[in-house]
Amino acid sequence: MTSLAAARQAHAGVQRARAIIAARDPGAGREFARVTGAAAAACGGGAWVGDCLNQNEAPLEFSFSTACRDLRYTMEVGGRASAPGSRLAIVDALLTELGLDADWDGVARSFPALQRHATLAWGAWLAARQPRAPGQRKPEPTRYKIYAEVPAGPHDAAMTLLRQYLGPAPLAAAPHAQLVMLGAAPGSQRCEFYFELGSRELSFDCLRELLAHVGLAHLRDELAALVGRFDFRRGRSADGLPQAQYGFSYSVLPDGREAEFSLLAFAADLAGGEAWVRQQVLAVAGQRGLDLGLYDALSAPLARPHAGAGFHNMITFSVGERAPPGWQISVSPPPDVHVSQAPASAQASHRMARAAKLAGRQCDTSLPVRAARHFPQSVLNQRS
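Predicted, not measured: the structure shown is a model, and the values here were computed from it. (Residues numbered from 1 in each chain as written. Predicted model: local features only at pLDDT ≥ 70, side-chain atom pairs only at ≥ 80, totals over all residues. Heavy atoms only, no water.)

J.: Help me understand the pairing of strand β3 (residues 124-130) in this model?
T.: The two faces of the sheet receive side chains in turn, since in a regular strand these alternate between them. Burial of β3 is extensive: 7 of the 7 residues sit out of reach of the surface. Residue alternation in β3 divides its side chains into two sets, Ala124, Leu126, Ala128 and Gln130 and Trp125, Ala127 and Arg129, and both sets are buried. Relative to β3, strand β2 (residues 71-76) runs antiparallel, the two being bridged by 6 bridges. Counted as the bridge partner of Glu76 is Trp125 from β3. (Buried < 20%, exposed > 50% of the residue type's maximum accessible area, 1.4 Å probe, protein only. Helix = DSSP H or I, 4+ residues; strand = E, 2+ residues; numbered from the N terminus. Pairing = 2+ DSSP bridges.)

J.: How do you make sense of helix α3 (residues 87-97) when you look at a structure like this?
T.: Residues that lie three or four places apart on an α-helix share one face, since the helix turns once every 3.6 residues. Taken as a whole, α3 has its buried residues at Arg87, Leu88, Ile90, Val91, Leu94 and Leu95. Seen end-on, α3 carries its buried residues on one side only, within an arc spanning 155 degrees. Of the residues in α3, the exposed ones pointing more than 90 degrees away from the buried face are Ala89 and Glu97. Of the residues trailing α3, Gly99 is marked for its positive phi of about 110 degrees. (Arc of directions from axis to C-beta.)

J.: It is not clear to me how the packing of aromatic side chains should be interpreted in this structure. Could you clarify?
T.: The geometry of an aromatic ring pair is captured by the separation of the ring centres together with the interplanar angle, meaning the angle of the planes. As enumerated under the stated definition, the model contains 15 aromatic pairs in all. Taken together, a centroid distance of 6.1 Å and an interplanar angle of 25 degrees make the contact between Phe62 and Phe64 stacked. In terms of burial, Phe62 and Phe64 fall into one category: buried. Here Phe248 and Tyr250 contribute two aromatic rings whose centre-to-centre distance is 5.7 Å and whose plane-to-plane angle is 80 degrees, an arrangement assigned as edge-to-face. By relative accessible area, Phe248 is classed as buried at 1%. Aromatic rings pair up to connect Phe32, Phe62, Phe64, Tyr73 and Tyr295 into one cluster. Its guanidinium or amino end placed over the ring of Trp104, Arg109 lies 3.7 Å from that ring's centre, counting from NZ or CZ. (Phe/Tyr/Trp six-rings, centres within 6.5 Å; stacked < 30°, edge-to-face > 60°. Lys NZ or Arg CZ within 6 Å of the ring centre and 35° of its normal.)

Below, the structure written as C-alpha cells:
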C-alpha cells in the first residue's frame, strides 16, 4: 500500500467513526467533530495524518475500557511537517483552542523540560475523554490527557520526577526496564510513568515485585486472572504470563499515593490476527456482561476474513488501590473497505521502530526490545 493510499484509508476510518458516534449520540458526535477538527486544523495547513501513533497511518486511536463508558481517543498533533520537539507546544496551543484556561497547572507543565535538546521520535500526543451522557442537555466537558515522549538514555529531569513520584529505590524486579513515556491531565498532579519491560518473559514473581513497588503486591493474582480470561495464541505458562513484549505503567500521585498499575502488550502479539482479537474481546466482555460502548460497531469490518492488520493496538490490564480490576483495548478506526494487509515497506518498519510499538503484527513477527517505545491508551490508561 502506498503512503497516499494508507492515508486515504485512515481518513475513511475516521469519517466512518464520526458517523457511528453521531448516529448513537448526536451531541457526542458534534463534540467529537469539534475536538478532532481542532486537531486537524493544528497541522498548520498540512494533512492530519498518522506518524507514530498507529501502524496504519491513522491520526487517532480509540480506547474501550471495562471500567469506563466514556468515549476516549488519542490523537496525533502537528502533522508530519512539525518537529517532534515542537509538539508539546502545539498541544498547549490546541488545549487553549479547545477551551481550557491557558494558565492550567499540574505536573504536565514539567514535561517540556524532559525533552529539551533531546532527539525525539514523536514528541507528544493528546488524548480526549468525552463523558458518556446520551440525552443530557449539557454534558460534562471533555477532559484531556497529555502524553510526552521521554528521550532515551539518562536524563536528570526525568529521574527527578521519577524519584518524586516513585521514590529513590530502583525497580529491582525489572533491572532493564526503561522509562519511555509520561502521561498527565492538565491541572492534575497525578502522573503516569510508562516503562518498556526489556524482556518477553514475565514471571508471576516478577509481576508481584513490580506491583510491590507501589504497595499492590496483594493484587497480583487478580491481575494475572484478568490476563488469563483471554485465549492467547502463545499458550499458558506454569510460572508466568504468555510470552509477549510487555510494558507497564504506574499512575500515581506524588510520593506514590493512590497507585494504579497497568500491564500493556500488543493485542496482536498475544492473540494473533484482527478478527481473532475482536472475537476474543467481544467474547470476554459478553461473558462478564461488560459494556464496551461503540467497540462492536466501530470494529465490525475487522470481523471479515483477511480483514488486514495494524488496527488493534494495545491491550491493557489494570489494578489499583481505589479502582476495580479492569482491562481495555485500543484500536484505530477501520474503514468499511480496506486492503488486506498493513504496509510492510521499509518506511513503515522505520516508523514502527521509531514509535516503539511493543511488538509485531498479525504474524509471529517479534520486534526487538528497542521497538517498545509506544504505550498509548495508548494508550492509554486515562483514569487520571
